[in-house]
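# Residue-level structural notes
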Amino acid sequence: MSNNVKTTLRYYGISPWEIEVLYGFLNSHFTIIQDEIEINDGNFVSFLDIDIPLQFNEEFFQWFEFKRWEKIKDVFKEMKRRRGSGNALKIVINFSGNPKIVFTVDIEDRQWFDNALEKIDFVLELLPFHLDPKKLPSEITKIAYKFDSESIRWRLDTASTKNKKYTFRGDSWKEII
């Protein structure tokens, strides 16, 4: 793959320096579209939404290189450190694919925020189990993960089809009405 692959960075409250550093790590593999947006979540001082137009799988990390991925996570951690605790920073990472995989990192405590970033890679091992068609509602187009600070791991949160949304509670999916 060349950097004909496009990624979009949508953000507000992110410094030009932070965007430039992210751009530097992404530029060798992606064509980057930057979109500075208006505040869309008043609960957060800063917001970054990244669309990665590739599947969340082992091949992505081999292609992108684990070392580069680690540096991206370090930038995110530094962004959080600079803003302090509280609802200062929300990061949403969207991976394309069927289904689309979304990670939302919006934890107030800096240590848990950093821990969540470190553990995104571990979800790779759980994907075959999580995406088992026998366990998923039919026609799912998007799976969202949230970090659970109590169990110190990423948990399935929601799944969506074109017309329905489900939440994962206990060990099963329940339709949200």
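Further up the page is the structure itself.
Summarised in this report is the structure supplied together with it. (Residues numbered from 1 in each chain as written. Predicted model: local features only at pLDDT ≥ 70, side-chain atom pairs only at ≥ 80, totals over all residues. Heavy atoms only, no water.)

Before going further, it helps to spend a moment on the sheet that holds strand β1 (residues 6-12). One open sheet holds the 9 strands; their spatial order is β2-β1-β3-β4-β5-β6-β7-β8-β9, and the pairing between them is mixed. With partners counted over all chains shown, the strands left at the sheet margins are β2 (31-36) and β9 (172-175), one partner each. The sheet shows a mean angle of 20 degrees between the axes of neighbouring strands, taken without regard to direction. Two elements, strand β7 (residues 153-160) and strand β8 (residues 165-169), share 3 bridges in a ladder whose sense is antiparallel. In the sheet register, T158 faces β8, and the bridge partner there is T167. The sheet strands contacting helix α4 (residues 110-119) are β4 (89-95), β5 (100-105), β6 (142-148) and β7, and the helix crosses β6 at an angle near 135 degrees. (Pairing = 2+ DSSP bridges. Helix = DSSP H or I, 4+ residues; strand = E, 2+ residues; numbered from the N terminus. Axes fitted to C-alpha atoms, helices over the stretch in contact; angles between N-to-C directions. Contact = heavy atoms within 4.5 Å.)

For β1 and β2, the ladder comprises 6 bridges, and the chain directions are parallel. Counterpart to T7 in the pairing with β2 is I32.

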